[in-house]
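Coordinate inspection notes
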Amino acid sequence: MKKILVTGGLGFIGSHTVVELVNAGYEPVIVDNLSNSNIKILDQLTHIIGRRPIFHELDLCIESDVTSLAASEPDVMGIIHFAASKAVGESVELPLKYYRNNFYSLINILNAYYGKPLNFVFSSSCTVYGQPDQLPVTENAPVKPAESPYGNTKQVAEEILRDMVASGSKYKVISLRYFNPVGAHETALIGELPLGVPQNLVPYITQTAIGMREKVTVYGDTYNTPDGSAIRDYIHVVDLAKAHVAALKLMEKDEFSGYDVFNLGTGKGNSVLEVIHAFEETTGVKLPYVIGPARAGDVEQVWGDVTKSTEVLGWTAELDINSMMASAWEWQKYISQNPL
């Protein structure tokens, strides 16, 4: 069974990817420092996959610890690198934290296995596109100056990986540029678990619906969109997790070499108000919301062209916005009744 190292594997996307790796016949090896995750997710994963996954608690920013990890897991065939700080607003306030965490962790894990023929999947982001000149945005769209230190770490990390491959490294690398992951696993045992006040729309919606928050604020209703609210490409986290498995399988083919990037989305956008209404229709729960001023730096609308992912990666998102909202709500109800 092929071992795949999953850094940040107890996080939102990482935990769902662990499940899909097992479903596809891989042996995930989870690495997490628990700075933005919960050790109890390991128990939840055990319930879902029927056995306890291999787990190492360590900080990838500590080079000696990563070297020891590589020595203890020498037969790893691939790495999926999620571990990173990821809050846009916090990155503006604490840029050095983001540059340290996101670059040290990447470089240390690459160095630890350098010289071995490994398949490396990097968790990137559509933030590299900024406000695109054309929609839907393709992988060939220009990478614009980052709007935040977080976005900059994704841009520079892609450059690091591209340069490493070009230097003759034995790594094969795919960067996956996510749009907006939402939803939860069908068991409702794992899902998005924000610490403190959610920074993302859907967990804020579900926490408002359950009574934890007073209301949802829609930031701006005068954008040049059909209903005036901002548009994003939302993708179900389970679909997203399956794309990581598809990336590994693509790199296992002899004809793949070097470095490539793929958009991961549904190929269409939903406005903030459409997401709110989809939640209400799917769950039957009326959601209190108000219109607030647009936020500085917010992109008006962005969604991805996923033709390349369909044709080359052999992957297509299957779950719609209603499935996203329904599963997110089931997770919220579960976590409210069974706090981790």
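Provided above is the structure to which this section pertains.
Throughout what follows, the structure given in this document is the object of discussion. Please read all numbers here as calculations on a predicted model, not as lab measurements. (Residues numbered from 1 in each chain as written. Predicted model: local features only at pLDDT ≥ 70, side-chain atom pairs only at ≥ 80, totals over all residues. Heavy atoms only, no water.)

Moving on: the environment of Pro53. By the element assignment, Pro53 lies in the loop between helix 2 (40-49) and strand 3 (54-57). In this structure Pro53 comes out as buried when scored by relative accessible area, which is 7%. On a C-alpha basis, the gap between Pro53 and Ala84 in space is 21 Å, while along the polypeptide they are 31 residues apart. Each residue touching Pro53, except ones within four places of it in the same chain, is listed here: Ile30, Leu42, Leu45 and Thr46. (Helix = DSSP H or I, 4+ residues; strand = E, 2+ residues; numbered from the N terminus. Buried < 20%, exposed > 50% of the residue type's maximum accessible area, 1.4 Å probe, protein only. Contact = heavy atoms within 4.5 Å.)

Moving on, we come to unusual backbone geometry. Looking along the chain, the bond that leaves Leu135 and enters Pro136 is cis, with omega of -5 degrees. Considering the arrangement of structural elements, one finds Pro136 in the loop between strand 5 (119-125) and helix 6 (149-166). Not every positive phi belongs to a glycine, and Leu34 is a case in point at roughly 65 degrees. In this fold, Leu34 is placed in the loop between strand 2 (27-32) and helix 2. Positive phi is not limited to glycine here, since Ala188 has a value of about 65 degrees.

The next subject is the environment of Asp65. Position of Asp65 among the secondary structure elements: in helix 3 (residues 63-72). What Asp65 contacts, discounting residues up to four positions off in sequence, is Leu58 and Asp59.

The next subject is the nonpolar core. Within the largest apolar cluster, 38 residues are counted, with the highest numbers of intra-cluster contacts made by Leu21, Leu45, Ile174, Leu176, Leu248, Leu264 and Leu313. Within the residue set of this core, elements represented by two or more residues are strand 1 (3-7), helix 1 (12-23), helix 2, strand 6 (172-178), helix 8 (237-251) and strand 11 (259-264). Looking at this core, the element that brings in the most residues is helix 8, giving ten residues. Leave out the neighbours within four places in its chain, and Leu248 touches Ile4, Leu21, Tyr26, Ile80, Asn119 and Val121. The next biggest cluster of nonpolar side chains, apart from the first, holds 26 residues, and it includes Leu58, Ala83, Leu106 and Phe122. (Core = buried A, V, L, I, M, F, W, Y, C linked by side-chain atoms within 4.5 Å.)

Before going further, it helps to spend a moment on the pattern of salt bridges. Inspection of every chain in the model, using the stated rule, returns 14 salt bridges. Between Arg52 and Asp43 there is a salt bridge, with the nearest N and O atoms lying 2.8 Å from each other. Judged by its relative accessible area of 34%, Asp43 is partly exposed. The salt bridge involving Lys333 is made with Glu330; its shortest N-O contact spans 3.0 Å. One end of the pair, Lys333, and the other, Glu330, are both in helix 11 (residues 321-337), three residues apart, so they sit about a helical turn from each other. Residue classification places Lys333 among the partly exposed positions, given a relative accessible area of 28%. On the accessibility criterion, Glu330 (39% relative accessible area) is partly exposed. Members of the salt-bridge network, linked through shared partners, are Lys3, Glu73 and Asp75. (Salt bridge = Lys/Arg side-chain N within 4 Å of Asp/Glu carboxyl O.)

When two helices pack together, their arrangement is captured by the angle between the axes and the distance separating the axes. Running from amino to carboxyl end, helix 1 crosses helix 2 at an angle of 25 degrees, the nearest separation of the two axes being 11 Å. Considering the angle they form, helix 1 stands roughly parallel to helix 2. Like other packed secondary-structure pairs, helix 1 and helix 2 cross with a definite hand, here right-handed. Residues Ser15, Val18, Val19 and Val22 of helix 1 form the contact with helix 2, whose participating residues are Ile41, Leu45, Ile48 and Ile49. Its residues placed into classes, the contact of helix 1 with helix 2 shows seven nonpolar, one polar and no charged. (Axes fitted to C-alpha atoms, helices over the stretch in contact; angles between N-to-C directions. Parallel < 35°, antiparallel > 145°, perpendicular 65-115°, else oblique. Left-handed = near helix turned anticlockwise from the far one by under 90°. Nonpolar A, V, L, I, M, F, W, Y, C, P; charged D, E, K, R; others polar.)

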